[in-house]
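This is what each chain is made of:
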Amino acid sequence: MANLHPSLKNKEFWYKDITLIPNRLPDFERDEVDLTTNFTKRIVLKTPFVSSPMDTVTESKMAILMALQGGIGVIHYNFLTIDEQIREVEKVKRFMAGFVFNPITLSPKNKIKDVFNINEEFGFFSVPITEKGTLNSKLVGIVTHRDIRYRQDMETKLEKLMTPRKKIIWAKKAETVSQNNLDLAIEILRKNNLDTLPIVDEKNRVVALVTDSDIRKQSQFPLATVDENKRLRVFIAVESRLKLAKERIKKAFGVGVDGILIDASVVFKEQIEIAKFVKKNFPELEVVLGNVDSGEMVEKILKEAHQYCDGLRVGIGPGAACITQQELGTGRAQASAVWDCAEAIKKLEPKYGFIPLIADGGIKVPDLAEIQKPGDISKALALGDQTVMMGSLLAGLDEAPGEKEFDYEENKMVKKYRGMGSIEAMEKRAAVRYGIEKVKIKIPEGKVIKVPYRGSGYDFIPKLIAGVKQSLQKQGFRNIKELQEEADIRPI
Ligand code: XMP
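Residues numbered from 1 in each chain as written. Predicted model: local features only at pLDDT ≥ 70, side-chain atom pairs only at ≥ 80, totals over all residues. Heavy atoms only, no water.

Colleague: What is the right way to read the side chain of Thr-156 from this model?
Modeller: By the element assignment, Thr-156 lies in the loop between α4 (145-148) and β9 (163-164). Residue Thr-156 is classed as buried on the basis of its relative accessible area, which comes to 17%. One polar contact links Thr-156 to Asp-153, side chain to side chain, over a distance of 2.7 Å. Thr-156 has contacts with Asn-110, Lys-111, Ile-112, Arg-151 and Leu-161, leaving out every residue within four places of it along the chain. (Helix = DSSP H or I, 4+ residues; strand = E, 2+ residues; numbered from the N terminus. Buried < 20%, exposed > 50% of the residue type's maximum accessible area, 1.4 Å probe, protein only. Polar contact = N/O pair within 3.5 Å; in protein donor to acceptor, adjacent residues only side chain to side chain. Contact = heavy atoms within 4.5 Å.)

See below:
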């Protein structure tokens, strides 16, 4: 653990109450700092950022942004139907891949408008055309962006404009997919200057494809958090009610989700049943439990559920849109919660193994859109958590759901950000998060606020990353492990 000043022990403190003292003589450049960390036991991130499962923060666009920048997004469940949430997962998993194993295919009888619809939903134009219009059916042609970009005649059948089978360059499954040889597929793609390379089995049935845009994305975003097939990783939040969560988890697994975050403002026992259900039925999935805010809680939950828990979320009521602490007189100063939980989990490591912590909430919103405050992030990491989860800091980005608007009082552009415990959010599904979906009188634990509009996350997140690296460099630490072992944390 880092060195926490004795005057802070047994005290409650926020990030603003502490500072990190530089004691070393750094002899390396800022960009040599390595921020690699664990989100869960098995999922490693190159950037320690996680976006909150909130309906004004994380849907597919935010999850794509976070994963491309080396972090990860957790898609909220405050949709009217389960399928809407699953669709968002699908968009992330389809954003890029090495081999695309579940390409959308059409039949020669489909029309140009069907390709435009696919583009609108998933953002791509290349579609293999198969005899039956399904995967594992014979390849008869291909349609790419070049074939239709200027077409207005939406009702024209694809058979009239597709590149026919005999003119298509394709690769054999036995030489590529079966041998996990993506390099060969890329070589064929590049040598022939193709947008898309279909891969077919010995009976000429389409089994996968490789696209040039995927390959380019991979080199453009070297930090990206990807699975074994180079698809972006993504988590979903599920409610802490076994019956409701079951269906959601099954469906999300079907479209390739990487893990489940069981969402509640305070961890409760039913979470353990859900975690067991996941581990028994879908052992490939990682499971995050929470929230906790003290060493005692960490000990209790791990005693019962350490074998089903791959990550724990820390923080009760520190969020920018939270009112739990004021309304209910419960919760905790976030920095002391992070320290206490980290200390406890470290002590329990010999017994239960390594379980990463996520410092959730309280990373402060700066007043001006141009200013970032990565300082709070470095403090959370120094106090012992492996990643930070952020809501309000990200809600002002273009990639967060909702439109920007002009605030005449503040004279600036803003976006709406709402706590999942606000009455407005609970009108949909979110009351489950607070265990009060069945009761008539609902006490809100969150509010609706406005946050500064911050533009594109593709500009903002790299600055935030650079800021965290600079903080570590200033203190002379090359990585998060060194920071967590040696940081000198003092009161301000
Ligand atoms: P920040 O400070 O990053 O916090 O905006 C995001 C985290 O806040 C939590 N959250 C809530 N907590 N009432 C609460 O007490 C709420 O209505 C609420 N909504 C979200 C959540 O943990 C999130 O990640």
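Colleague: Is there a simple way to think about the sheet that holds strand β17 (residues 357-360) in this case?
Modeller: Note: strands within a sheet are paired through backbone hydrogen bonds, in either parallel or antiparallel orientation. Pairing in this closed barrel of eight strands is parallel, and the strands run β5-β6-β13-β14-β15-β16-β17-β18 around the ring. On average, each strand axis in the sheet is inclined to that of its neighbour by 25°, with strand direction left out of account. Sheet strands in contact with helix α1 (residues 60-68) are β5 (49-51) and β6 (72-75), and its direction is about 160° off that of β6. (Pairing = 2+ DSSP bridges. Axes fitted to C-alpha atoms, helices over the stretch in contact; angles between N-to-C directions.)

Colleague: What am I meant to see in the layout of surface pockets here?
Modeller: Rolled over the atoms, a probe sized like a water molecule indicates the empty space that remains. By volume, the largest pocket amounts to about 700 Å³. Along its surface, the largest pocket is lined by 35 residues, and Phe-95, Phe-122, Gly-123, Phe-124 and Lys-217 are the ones closest to its centre. Contributions of two or more residues to the lining of the largest pocket are made by α1, α2 (82-95), α3 (112-122), β12 (206-211) and α6 (212-220). Examining the composition of the lining of the largest pocket, we find that five residues originate from one element, α6, more than from any other. Viewed by domain, the lining of the largest pocket spans two of them, domain 1 (3-95 + 232-491) and domain 2 (100-220), each represented by three or more residues. In this structure, the second largest pocket encloses a volume near 440 Å³. Lining the second largest pocket are 19 residues, and of these Lys-346, Phe-354, Gln-386, Lys-481 and Gln-484 lie nearest its centre. If you list the elements that add at least two residues to the lining of the second largest pocket, you get β3 (37-38), α11 (334-352) and α16 (480-486). Split by residue class, the lining of the second largest pocket holds seven nonpolar, seven polar and five charged. (1 Å grid on protein atoms, 1.4 Å probe; cavity = no way out; pocket = protein on both sides within 12 Å on 5 of 7 lines; lining within 4 Å. Points joined across faces, edges and corners; volume = space filled by probe spheres on them. Domains from an automatic or database assignment. Nonpolar A, V, L, I, M, F, W, Y, C, P; charged D, E, K, R; others polar.)

Colleague: Please clarify how the pattern of salt bridges should be interpreted in this entry.
Modeller: Close approach of charged atoms allows side chains with opposite charge to pair. In the structure shown here, the tally under the stated rule is 42 salt bridges. Measuring nitrogen to oxygen at the nearest pair gives 3.8 Å for the salt bridge that ties Glu-273 to Lys-276. With Glu-273 and Lys-276 both in helix α8 (residues 270-281) and three residues apart, this pair spans about one turn of that helix. On the basis of relative accessible area, Glu-273 is assigned to the partly exposed category, the value being 39%. Put simply, Lys-93, Asp-227, Arg-231, Arg-233 and Asp-258 are held in one network by salt bridges that share partners. (Salt bridge = Lys/Arg side-chain N within 4 Å of Asp/Glu carboxyl O.)

Colleague: Would you mind going over the nonpolar core with me for this structure?
Modeller: Soluble, globular proteins show a tendency: their nonpolar side chains are buried together. In this structure, Phe-49, Ile-249, Leu-302, Leu-312, Leu-383, Ile-461 and Ile-489 are the most contacted members of the largest nonpolar core, which totals 103 residues. Ranked by the residues each element gives to this core, the list is headed by α11, at 10 residues. Excluding residues within four positions of it along the chain, Ile-249 makes contact with Val-238, Ile-260, Ile-274, Phe-277, Val-278, Phe-282 and Leu-285. Ala-171, Ala-185, Leu-194 and Ile-215 belong to the second-largest nonpolar core, a separate cluster that totals 15 residues. (Core = buried A, V, L, I, M, F, W, Y, C linked by side-chain atoms within 4.5 Å.)

Colleague: Quick question: what am I supposed to make of unusual backbone geometry here?
Modeller: Gly-290 connects to Asn-291 through a cis peptide bond whose omega is 5°. Considering the arrangement of structural elements, one finds Asn-291 in strand β15 (residues 286-292). Positive phi is not limited to glycine here, since Asn-180 has a value of about 50°. On the secondary structure map, Asn-180 appears in the loop between β10 (171-172) and α5 (182-191). Here Asn-180 falls in the exposed class, since its relative accessible area comes to 62%. Of note in this structure, Lys-230 is not a glycine but carries a positive phi near 60°. Within the fold, Lys-230 resides in the loop between α6 and β13 (235-239).

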